[in-house]
Amino acid sequence: MSQGRNYDRISRFNHWITAIAMIGMLAFGLYLENGVAPGPEKGALIGTHKAIGVLILIFGLWRVMYRVVQGFLEDAAPMPVWQRFAAHVVHYWLLAAVVLIPASGLLGSYFGGRAVDVFGVMTIPGALEPSKTLADAMYGLHGLLAMGTILATLLHVAGALKHHLVDKDTTLLRMLGRV
Ligand code: HEM
Ligand code: HEM
């Protein structure tokens, strides 16, 4: 099913909330991995990364379901087949990433036997019999999906800017609610 030519308010809200949250968390994850020395401070930051990630997972599940049920919009303007194909592959990747990145992180914690505390509101328990192999596999997947998503986001933003600045069509404006 296709939604027609314009994004409704909920779609725009969902898009920009997850866009900001995902870009922030990709940067946060890279900082944790490369910019913080091991120690209690790093442990606390990882706890915050996990708690925000679980909130994104819950919101993201709803956001993705909403898009799946509503369908994608028709393109704002005609474009070459390869561009259309590339844009759609990237959209599917980004949509999947909103769920699969936090889910793989959570499964990494689960198999590592670590409970995840979500800002004192809920606690997701870890496995009673941890498996280092499965935990490492999930964290490996977490990192790979994150790297792929950084690349996909760069392509996505470049595409949005090209539509706006070069093609001068309404692709970006309709996601901003300006048409
Ligand atoms: C929305 C989602 C999330 C994004 C975009 C994200 C992104 C990232 C990135 C980019 C890294 C660095 C990976 C690398 O350089 O190999 C990372 C590391 C990590 N993430 Fe996530 N993450 C998210 C959610 C979660 C969740 C829900 C959990 C667990 C419950 C989690 C647990 C971790 C852990 C434990 C690390 C390794 C930190 C370290 O040891 O340095 N993440 N994440
Ligand atoms: C500054 C960053 C971003 C800009 C300027 C931007 C811009 C846009 C625009 C203009 C569209 C509409 C495309 C069309 O109608 O054909 C769109 C759609 C989309 N964007 Fe972004 N985006 C950004 C970041 C992100 C991020 C980080 C994600 C996910 C992690 C994301 C996921 C999506 C998805 C899945 C769609 C398809 C429609 C939907 O389900 O919302 N975007 N984006």
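Undergrad: Please set out the coordination of the iron atom of ligand 2 residue by residue, giving values where relevant.
TA: By definition of the ideal shapes, a tetrahedral metal site with four donors has angles of 109.5 degrees and an octahedral site with six donors has angles of 90 or 180 degrees. Bound to the iron atom of ligand 2 on the protein side are His15 (NE2) and His156 (NE2), at distances that span 2.0 Å. For the iron atom of ligand 2, the six donor atoms are set out with angles of 86 to 179° between them, so the coordination reads as octahedral. In this pair, His15 is assigned in helix α1 (residues 9-35) and His156 in helix α4 (residues 132-167), connecting sequence segments 141 residues apart.

Undergrad: Break down the packing of aromatic side chains for me, citing the residues and quoting the values.
TA: Across all of its chains, the model carries five aromatic pairs by this definition. Ring centres of Trp62 and Tyr66 lie 5.8 Å apart, and the angle between their planes is 45°; this geometry places the pair in the tilted category. Residue Trp62 and its partner Tyr66 are located together in helix α2 (residues 40-70), separated by four residues, close to a single helical turn. Here Trp62 falls in the partly exposed class, since its relative accessible area comes to 41%. The class of Tyr66 is buried, set by a relative accessible area of 15%.

Undergrad: So, the nonpolar core: which residues are in play, and what are the values?
TA: Membership of the largest hydrophobic core is limited to 12 residues, which are Met22, Met25, Leu26, Phe28, Leu32, Val36, Ile56, Ala97, Val98, Ile101, Leu145 and Ala146. Elements supplying a minimum of two residues to this core: α1, α3 (81-111) and α4. Element by element, the count of residues in this core is highest for α1, at five residues. Apart from the residues lying within four places of it in its own chain, the contact partners of Leu32 are Lys42, Leu45, Ile46 and His49.

Undergrad: Help me get a handle on the site of ligand 1, residues and values and all.
TA: In the region of ligand 1, 25 residues are neighbours, and Gly29, Glu33, His49, Lys50 and His142 sit closest. With respect to ligand 1, the side chain of Lys42 contributes an N or O atom lying 3.3 Å from an oxygen atom. Mapped onto the shell around ligand 1, the elements with two or more residues apiece are α1, α2, α3 and α4. For the shell around ligand 1, the residue count by class is 15 nonpolar, seven polar and three charged.

Undergrad: Quick one: what's the story with the coordination of the iron atom of ligand 1, residue by residue and with numbers?
TA: Listed as protein donors to the iron atom of ligand 1 are His49 (NE2) and His142 (NE2); their distances from the metal cover 2.0 Å. Each of the six donor atoms around the iron atom of ligand 1 contributes to a set of angles spanning 86 to 180°, which defines the coordination as octahedral. One end of the pair, His49, is in helix α2; the other, His142, is in helix α4, with 93 residues separating them in the sequence. Among the residues examined, His49 registers a relative accessible area of 15% and is labelled buried.

Rules used in this analysis
- Each chain carries its own residue numbering, running from 1 in the direction its sequence is written.
- Chain letters and ligand numbers both follow the written order, the letters beginning at A and the numbers at 1.
- Where local features are concerned, this predicted model is filtered to residues with pLDDT of at least 70; where side-chain atom pairs are given and counted, the filter is 80 or more; whole-chain, interface and lining totals use all residues.
- The side-chain quantities take in all heavy atoms of the structure and omit both hydrogens and water.
- As a rule, N, O and S atoms within 2.8 Å of a metal are its donors, except that Na, K and Ca use 3.2 Å; water is not among the atoms, so sites may look incomplete.
- Square planar and octahedral assignments, for four and six donors respectively, both demand that opposite donors be over 155 degrees apart and that all other angles lie between 65 and 115; tetrahedral needs four donors with all angles between 85 and 135 degrees, and anything else is irregular.
- A run of H or I in DSSP becomes a helix once it reaches four residues, and a run of E becomes a strand once it reaches two; helices and strands are each numbered from the N terminus.
- Here the aromatic set is Phe, Tyr and Trp, taking the six-membered ring for Trp, and pairing holds for ring centres within 6.5 Å; pairs whose planes are under 30 degrees apart are stacked, those over 60 apart are edge-to-face, and all others are tilted.
- Here the term buried applies to any residue with accessible area under 20% of the maximum for its type, exposed to any over 50%, and partly exposed to those in between, with areas from a 1.4 Å probe on protein chains only.
- Put simply, buried Ala, Val, Leu, Ile, Met, Phe, Trp, Tyr and Cys residues joined by side-chain atoms within 4.5 Å make one nonpolar core.
- Contacts are assigned to residue pairs with any non-hydrogen atoms lying within 4.5 Å of each other.
- We define proximity as follows: a residue is near a molecule or strand when any one of its heavy atoms falls within 4 Å of that partner.
- Between N or O atoms, a polar contact is any pair within 3.5 Å; within protein, one atom must be a potential hydrogen donor and the other a potential acceptor, and residues adjacent in sequence are included only when both atoms are from side chains.
- All amino acids are sorted into three groups, where Ala, Val, Leu, Ile, Met, Phe, Trp, Tyr, Cys and Pro are nonpolar, Asp, Glu, Lys and Arg are charged, and the leftover types, Gly among them, are polar.

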